[in-house]
Amino acid sequence: MSERDTRPEGNTVLPAPAPIRIEPPEAADTPLTPDEEFPGEVEMTLVDHLEELRRRILRGLLAVVIGAGGCLLLVKPLVRLLEVPAKGIHFLQLAPGEFLFVSIKVAGYTGLILALPYVLYEGLAFVLPGLTRREQRLVAPAVGGSAVLFMAGLAFAWWALVPAALNFLVSYGADVVEPLWSIERYLDFVLLLMVATALAFQLPVLQMLLAALGVVKAQTMLGAWRFVVVASALAGAVLTPSTDPVTMLLLSGAITALYLVGVGLARVVQRA
C-alpha cells in the first residue's frame, strides 16, 4: 500500500520541504580588507615619506662610498686583473694624473657592485610597505633573479665579449701598426662593456614582472620576436663601446636568447 493511501481522507498533509543549506563563502572569493591587502602599510605624511627616502638614499650612497674607498686601497691588483684579457698589450699613461683618475673610476665601479645588495635592501625597505600582498610575493623572485642575471651578465662579458672584442681589434691591422693603448680608454672600454651587458641581462626579470602584473602577455611577447631581433641588433651596436661586429653579434644574440627565456618565465607566471 502506498503512502498516499494511508493518509486520512480530508486531511492532506504536504511533506516538509528539504532544509536549505547556506554554504560559507570561499576564502579566495572574499574581498580582502585594506589591512590584509596592504599588510605592511604604515600611515605617514608626505614629509615623513620624503624624510625616509632621503635617509635611505644617503645610506645607499654611504655604502657605495665605503665600498669604493675600500677598493681604492686595492686598486692596483684590480687594474692588473682587468688587464689580463689584453695579452701582450703595453699600456701608456698619456696625460699627467691619468692613472689616478683611472684608479678612482675602477674603485667606483667595483664599490658600486659590492654595495649593490645593500642599496637594493634600502630600496625594497622603502617600497615594500606600499605594495599589495600579491605584489610582495613577486619581489623575492624578481630581486633574486635580477641579482643572478646581473652577475651572469658580468661573467658573460668578462669571459666571452671582452676577449672576442680584443682579439678582433688586436688582430685587425696588427701587421701595420703596433698596439700601444691608453690605460684610461682601455678600462673605459672594459668597464662599460661589462656594465652594459649586466644591465641587458635584466630583460627576463622585466618580462616576468610585466606578465605578472598583466601588462603584456607571453603570447604577445612571442609574437613580436621579429622586432626583438632587430632591436637586439640595435642594442648590440649601441651598448658596445667598440664598433667591431664580433662583440655586437655576441651581445645581440645574448639579448635575443634572454628575451626567449623571459617569454618562458612570463608563461610560467601567467599559469601560476
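Residues numbered from 1 in each chain as written. Predicted model: local features only at pLDDT ≥ 70, side-chain atom pairs only at ≥ 80, totals over all residues. Heavy atoms only, no water.

Time to look at a nonpolar patch on the surface. A contiguous nonpolar surface patch, about 570 Å² in accessible area, is contributed by Leu46, Leu50, Leu53, Ile57, Leu58 and Leu61. Along the chain, Leu50 falls in helix 3 (residues 46-73). (Patch = residues over 30% accessible without salt bridge, like charges linked within 9 Å, V, L, I, M, F, W, Y side chains within 5 Å. Areas by Shrake-Rupley, 256 points an atom, 1.4 Å probe, with all protein chains shown as cover. Salt bridge = Lys/Arg side-chain N within 4 Å of Asp/Glu carboxyl O. Helix = DSSP H or I, 4+ residues; strand = E, 2+ residues; numbered from the N terminus.)

Packed helix pairs are characterised by how far apart their axes lie and by the angle those axes make with each other. One way to put it is that helix 6 (residues 133-171) packs onto helix 11 (residues 245-271) with a least axis distance of 8 Å and a crossing angle of 155°. One finds that helix 6 runs roughly antiparallel with respect to helix 11. On helix 11, the residues that touch Phe156, Ala160, Leu161, Ala164, Ala165 and Phe168 of helix 6 are Pro245, Val246, Thr247, Leu250, Leu251 and Ala254. (Axes fitted to C-alpha atoms, helices over the stretch in contact; angles between N-to-C directions. Parallel < 35°, antiparallel > 145°, perpendicular 65-115°, else oblique. Contact = heavy atoms within 4.5 Å.)

Glancing now at the nonpolar core. In terms of nonpolar packing, the biggest core is built from 27 residues, with Leu82, Val106, Leu187 and Val190 touching the most fellow members. Of all the secondary-structure elements, those providing two or more residues to this core are helix 4 (75-82), helix 5 (98-127), helix 6, helix 7 (183-200) and helix 11. For this core, the leading source of residues is helix 7, giving ten residues. Residues in contact with Leu82, not counting those within four places in the same chain, are Val106, Trp158, Tyr186, Leu187, Val190 and Leu191. (Core = buried A, V, L, I, M, F, W, Y, C linked by side-chain atoms within 4.5 Å. Buried < 20%, exposed > 50% of the residue type's maximum accessible area, 1.4 Å probe, protein only.)

Turning to the packing of aromatic side chains, a few remarks are in order. Tallied over the full model, the rule gives five aromatic pairs. Look at Phe91 and Tyr186: their rings are 4.6 Å apart centre to centre, the planes differ by 45°, and that puts the pair in the tilted class. Of this pair, Phe91 sits in strand 1 (residues 90-92) while Tyr186 sits in helix 7, placing them 95 residues apart in sequence. A connected cluster of aromatic rings, assembled from ring pairs, spans Phe91, Trp181 and Tyr186. (Phe/Tyr/Trp six-rings, centres within 6.5 Å; stacked < 30°, edge-to-face > 60°.)

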